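Coordinate analysis (summary)
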Amino acid sequence: LIVDDGSDDGSIDACVQSLLPEVDTQITVLGLQRVKPRVPGDSAFRAGVARNVGARYARGEYIAFIDADILVSPNFVNKLLISLQDADIVQAQRHYLTYDASKVLPQYDEISGDDCYIADNGYWHDFYERGLKYEWNNLEHAYKYTCSYCFAMSIELFKGHGGFRKTFAFYGFEDTELGYRLYKDNNLFYLLDEI
């Protein structure tokens, strides 16, 4: 499922065309309308709303939210499914591409360690060092690291907790708030050893 939150630049068509040679399954695009087009820097960010729409149409046992700017390894889905057998929530590590690396639009397996860095070095770097695998659950205020750029769980768990709150219509923290509710209910978090 691809949820298009009101784009008007042809990027959805380009995305679908790039997936067709690789994907041997059905691709469904769900388009959300906007009253007025987004402009760079505006606060009309509806990530939680878009993800809730995608979840409403999902037919699988699990759901993984993956942002449009995320690259994953070819065996990423298998790693998620294995991890979800013993954990309730799985999240991968997010490293950023350097400016030069991002200009060439590399595939996952073309990226070297020199092409990446960790943003917010103290916060995320510390989490990746101390939170690997099940250790995430032992961190103080562990829910604060929940981030939906690449985040998976059973669809039943997601819907059972009401998904993302609709009141988050601007940028940020809809994922942390959901993480708080999931953590409060003693769900098991797992940080995948995957960049």
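So, here is what we can say about the structure in this document. Every chain's residues receive numbers from 1 upward, in the order its sequence appears when written. Reporting of local features is limited, given that this is a predicted model, to residues whose pLDDT is at least 70; pairs of side-chain atoms are given and counted only at 80 or more, and all residues count toward the totals for whole chains, interfaces and linings. To obtain the side-chain values, all non-hydrogen atoms of the structure were included, while hydrogens and water were left out.

So, on to the overall build of the protein. Only runs of H or I of at least four residues qualify as helices and only runs of E of at least two qualify as strands under DSSP, and these elements are numbered from the N terminus. Looking only at helices and strands, the protein has 7 helices and 8 strands in total. Whereas a compact globule of 195 residues would reach a radius of gyration of roughly 16 Å, the protein reaches 17 Å, a difference of no more than 12%. On the principal axes, the C-alpha backbone points of the protein span a range of 45 × 40 × 35 Å. Per-residue burial over the protein gives 37% buried out of 195 residues. All accessible areas in this document rest on Shrake-Rupley with a 1.4 Å probe, and a residue is counted as covered only by the protein chains that are shown. By element, 52% of the accessible surface of the protein is carried by carbon and sulfur atoms, the whole surface being about 12,000 Å². In the protein, 18 positive and 30 negative side-chain charges are present, and the distance between their average locations comes to 9 Å. Each radius of gyration is computed over the set of C-alpha atoms, and the globule rule expresses the reference value as 2.2 Å times the number of residues to the power 0.38. For every residue, the accessible area obtained with a 1.4 Å probe (protein chains only) is divided by the maximum for its type, and the residue is called buried under 20%, exposed over 50%, and partly exposed between those limits. In this tally Asp and Glu are treated as negative and Lys and Arg as positive; neither His nor the chain ends contributes. Positions of charges follow a simple convention, taking NZ of Lys, CZ of Arg, CG of Asp or CD of Glu.

We now examine the packing of aromatic side chains. Whether two aromatic rings pair depends on their centres lying within 6.5 Å, for rings of Phe, Tyr and Trp, where Trp uses its six-membered ring; planes under 30 degrees apart make the pair stacked, over 60 edge-to-face, and the rest tilted. Under the criterion given, the structure shown has 16 aromatic pairs. Note on Phe65 and Phe164: the rings are 5.5 Å apart at their centroids and 70° apart in plane angle, and the pair reads as edge-to-face. Residue Phe65 is found in strand β3 (residues 62–66), and its partner Phe164 is found in the loop between α6 (155–160) and α7 (174–184); the two are separated by 99 residues along the sequence. With respect to class, Phe65 is no different from Phe164; both count as buried. A cation sits over an aromatic face here: Arg94 above Trp124, 5.5 Å from the ring centre. Throughout this description, the term charge over a ring refers to an Arg CZ or Lys NZ atom that lies within 6 Å of the ring centre and within 35 degrees of the ring normal.

Before going further, it helps to examine the nonpolar core. Only buried residues count toward a nonpolar core, which is a set of Ala, Val, Leu, Ile, Met, Phe, Trp, Tyr and Cys residues joined through side-chain atoms within 4.5 Å. If you look at the biggest cluster of nonpolar residues, it comprises 35 residues, and the most contacted ones within it are Phe127, Trp136, Met153, Phe158 and Leu182. Those elements giving two or more residues to this core turn out to be β3, α3 (76–83), β4 (89–92), α5 (121–130), β7 (150–154), α6, α7 and β8 (189–192). In this view, Trp136 contacts Gln91, Phe127, Gly131, Ala142, Tyr145, Thr146, Phe189, Tyr190 and Leu191; residues no more than four positions away in its chain are not counted. Note on contacts: a residue pair is in contact if any heavy atoms of the two residues lie within 4.5 Å.

What follows covers unusual backbone geometry. The residue His141 is not glycine, and still its phi comes out positive at about 50°. Looking at the element boundaries, His141 is found in the loop between α5 and β7. If you check the backbone angles, Asn186 has positive phi at about 60° while not being a glycine. Structurally, the position occupied by Asn186 is in the loop between α7 and β8.

A few words on the sheet that holds β4. DSSP calls a pair of strands paired once it identifies at least 2 bridges connecting them. In spatial order, the strands read β3-β7-β4-β8; together these 4 strands make up an open sheet with mixed pairing. Whereas interior strands pair on both sides, the edge strands pair on one side only; in this sheet they are β3 and β8. Taken over all neighbouring pairs, the strand axes of this sheet differ in orientation by 20° on average, direction set aside. Pairing geometry for β4 and β8, over 4 bridges, is parallel. The residue bridging Val90 from the neighbouring strand is Tyr190, located in β8. Convention adopted: a line fitted to C-alpha atoms gives each axis, helices being fitted over their contacting stretch, and angles between N-to-C directions are expressed from 0 to 180 degrees. Along the sheet face, α7 touches β4, β7 and β8 and points at about 40° away from the line of β7.

In this section: α5. An α-helical turn contains 3.6 residues, so any two residues separated by three or four positions project in the same direction. Regarding α5, the residues found buried are Trp124, Phe127 and Tyr128. The buried side chains of α5 occupy one side of the element, clustering within an arc of 95° when seen end-on. Lining the buried residues of α5 we find β4 and β8. Each C-beta atom gives one direction from the helix axis, and the arc is the one those directions make.

Time to look at the side chain of Ser148. Note on placement: Ser148 falls in the loop between α5 and β7. Side chain to side chain, Ser148 and Arg51 meet in a polar contact 3.0 Å long. In contact with Ser148, other than residues within four places in its own chain, are Arg51, Phe65, Asp67, Phe164, Glu174 and Asp175. The definition of a polar contact used here is a pair of N or O atoms within 3.5 Å, where within protein one atom must be able to donate a hydrogen and the other to accept one, and adjacent residues in sequence count solely through side-chain atom pairs.

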